[in-house]
Amino acid sequence: MTEQECKELLRRVRKAQFELRTKEEELEQYKNDCYTLTATDYSKEKLSGGTTYDTSDMIARLMQLRDAVNNQWDILIKLRLEANICINNMHDSVNRALLTQRYILAKSWKAVADRLSTSEDNARGYRHEAAIAEFIKSNKN
C-alpha cells in the first residue's frame, strides 16, 4: 500500500461508520413515523390531486431503508477487517491500540486518550502521527 492508500483506508472506515449511524437514525425515525399512522377517515370528503400513500408504500420504504442499513454494515465490516489486518501488522502495541480505538471502534479522542492514559492533545497529536507513520511503514509494499 502507498502512503496515500493507507491514510485513505482509515478515512474510509471512519466515513463508513458515520454513514451507518446516519442510516440507522433515518431508519429509526421512519419506524417512529410509521408508528404514528392513523386510520383513514372515510367520512371526510376526498380531495383530488396530490399523492396518496398507503401502508404498502410505507412498508416498501421501510424495507428499502433496512436494506440500505444492512448494505452499509457489509461495507463497514469489510473495511474494518481490512484495516484491522493492516493495524495488526504494526509492532508497537500502543500505536495498534490507538488506531484500533480510533478507527475500528470509532472512539472519541478523549476516550482514546483515557484508554492510553495520556492527554487528549497528546493522543490526537504526537501519538496519532507516530501511529499513522508506523501504520504506513508496516503496510508499504
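Note that the structure is a prediction, hence the values are computed from the model and not measured.

Caption draft 1: Spatial organisation of the nonpolar core. Formed by 32 residues in total, the largest nonpolar core has its most connected members in L9, L10, L98, L99 and F135. The set of elements that each furnish at least two residues to this core consists of α1 (3–35), α2 (55–87), α3 (93–104), α4 (109–116) and α5 (120–139). Looking at this core element by element, the count peaks at nine residues for α1. With near-sequence residues (within four places) excluded, F135 lies in contact with C6, L9, L10, A83, C86, I87, M90 and L99.

Caption draft 2: Layout of the environment of E25. As for its placement among the helices and strands, E25 is situated in helix α1. Using a relative accessible area of 56% as the deciding quantity, one classes E25 as exposed. In sequence terms E25 and V69 are 44 residues apart; their C-alpha atoms lie 9.7 Å from each other.

Caption draft 3: A look at the side chain of R102. By the secondary structure assignment, R102 is in helix α3. No salt bridge is formed by the buried R102. Its closest oppositely charged neighbour is E120, at 7.9 Å. Sequence-distant contacts of R102, defined by excluding residues within four places in its chain, comprise R14, K107, S108, W109 and V112.

Caption draft 4: Region of interest: the pattern of salt bridges. A complete count under the given rule lists seven salt bridges for this structure. With a closest N to O distance of 3.4 Å, R11 and E8 form a salt bridge. Of this pair, R11 and E8 both sit in helix α1, separated by three residues, roughly a single helical turn. Classification of E8 as partly exposed rests on a relative accessible area of 32%. For D114, the salt bridge is made with K110, and the minimal N-O distance between the two is 3.5 Å. Of this pair, D114 and K110 both sit in helix α4, four residues apart, roughly one helical turn. Assessed through its relative accessible area of 48%, K110 is described here as partly exposed.

Caption draft 5: Focus on unusual backbone geometry. Phi at A106 is positive, roughly 60 degrees, even though this residue is not glycine. In this fold, A106 is placed in the loop between α3 and α4.

Caption draft 6: Structural view of the packing of α1 against α2. Look at α1 against α2: their axes get within 9 Å of each other, and the N-to-C directions meet at 160 degrees. Our classification of the angle between α1 and α2 gives roughly antiparallel. By crossing handedness, the relation of α1 to α2 is classed as left-handed. Across the contact of α1 with α2, the residue classes break down as 19 nonpolar, two polar and eleven charged.

Caption draft 7: How the structure looks around the environment of V69. With respect to the element layout, V69 can be found in helix α2. Overall, V69 belongs to the buried group, its relative accessible area being 7%. Considering only alpha carbons, one finds V69 and K23, 46 residues apart in sequence, at a separation of 5.8 Å. Beyond its immediate stretch of four places on either side in the chain, V69 contacts L20, K23, E24 and L27.

The rules we used
- Residues numbered from 1 in each chain as written.
- Predicted model: local features only at pLDDT ≥ 70, side-chain atom pairs only at ≥ 80, totals over all residues.
- Heavy atoms only, no water.
- Core = buried A, V, L, I, M, F, W, Y, C linked by side-chain atoms within 4.5 Å.
- Buried < 20%, exposed > 50% of the residue type's maximum accessible area, 1.4 Å probe, protein only.
- Helix = DSSP H or I, 4+ residues; strand = E, 2+ residues; numbered from the N terminus.
- Contact = heavy atoms within 4.5 Å.
- Lys, Arg positive; Asp, Glu negative; His and termini not counted.
- Salt bridge = Lys/Arg side-chain N within 4 Å of Asp/Glu carboxyl O.
- Axes fitted to C-alpha atoms, helices over the stretch in contact; angles between N-to-C directions.
- Parallel < 35°, antiparallel > 145°, perpendicular 65-115°, else oblique.
- Left-handed = near helix turned anticlockwise from the far one by under 90°.
- Nonpolar A, V, L, I, M, F, W, Y, C, P; charged D, E, K, R; others polar.

Coordinates in, geometry out; function isn't part of it.
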